[in-house]
Amino acid sequence: MDLKELMERSTAIRNRYHEFERANHGSEWTIDEDLLALSNDIGNLDRLVMTKNGRYYDETSYTLEQKLAENIWWLMELSDRLDVNIESELEKFLAEKEKM
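Residues numbered from 1 in each chain as written. Predicted model: local features only at pLDDT ≥ 70, side-chain atom pairs only at ≥ 80, totals over all residues. Heavy atoms only, no water.

> Please set out the overall build of the protein residue by residue, giving values where relevant.
Secondary structure assignment for the protein yields 4 helices and 0 strands. Secondary structure elements of the protein, listed N to C terminal, follow the sequence α-α-α-α. For a compact globule of 100 residues, the expected C-alpha radius of gyration is about 13 Å, and the protein comes in at 16 Å, more than 25% above that figure. Its C-alpha atoms give the protein principal-axis dimensions of roughly 50 × 40 × 25 Å. Residues counted as buried form 22% of the 100 residues belonging to the protein. Taking as baseline every contact in the protein between residues at least 6 positions apart, the subset at least 24 positions apart corresponds to 58%. (Helix = DSSP H or I, 4+ residues; strand = E, 2+ residues; numbered from the N terminus. Rg over C-alpha atoms; globule rule 2.2 N^0.38 Å. Buried < 20%, exposed > 50% of the residue type's maximum accessible area, 1.4 Å probe, protein only. Contact = heavy atoms within 4.5 Å.)

So this is what it looks like as structure tokens:
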């Protein structure tokens, strides 16, 4: 599966969340609220990594793999909402790193 297809699927899922937000809160989450959700999930990811390394005990139902994927999902969603072509930006980033 390529990145474009993953982005399309991600957007479709996020649109369903927006419907839920409108129904329950009267409006969609803002970009800042999406970023806060990502920040929270990064914290959850950190605890899962610490748990994997024997430095913490995390009792959440999430797995490390799920949280890694969810953080990527949030980044893709934020790039879409901020009108950033993440595919081309990632390509540029990797090309620059490959020159090093």
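> Describe the side chain of Asn71, with residues and values.
By secondary structure assignment, the location of Asn71 is in helix α3 (residues 64-81). Looking at Asn71, its side chain comes within polar contact range of the main-chain nitrogen of Ile42, at 3.4 Å. Of the polar contacts made by the side chain of Asn71, one reaches the backbone oxygen of Lys67; its length is 2.7 Å. When sequence neighbours within four positions are dropped, the list of residues in contact with Asn71 reads Leu38, Asp41, Ile42 and Leu45. (Polar contact = N/O pair within 3.5 Å; in protein donor to acceptor, adjacent residues only side chain to side chain.)

> Kindly report on unusual backbone geometry, identifying the contributing residues and their values.
Non-glycine residue Asp83 carries a positive phi angle of around 55°. With respect to the helices, strands and loops of the structure, Asp83 is situated in the loop between α3 and α4 (86-99).

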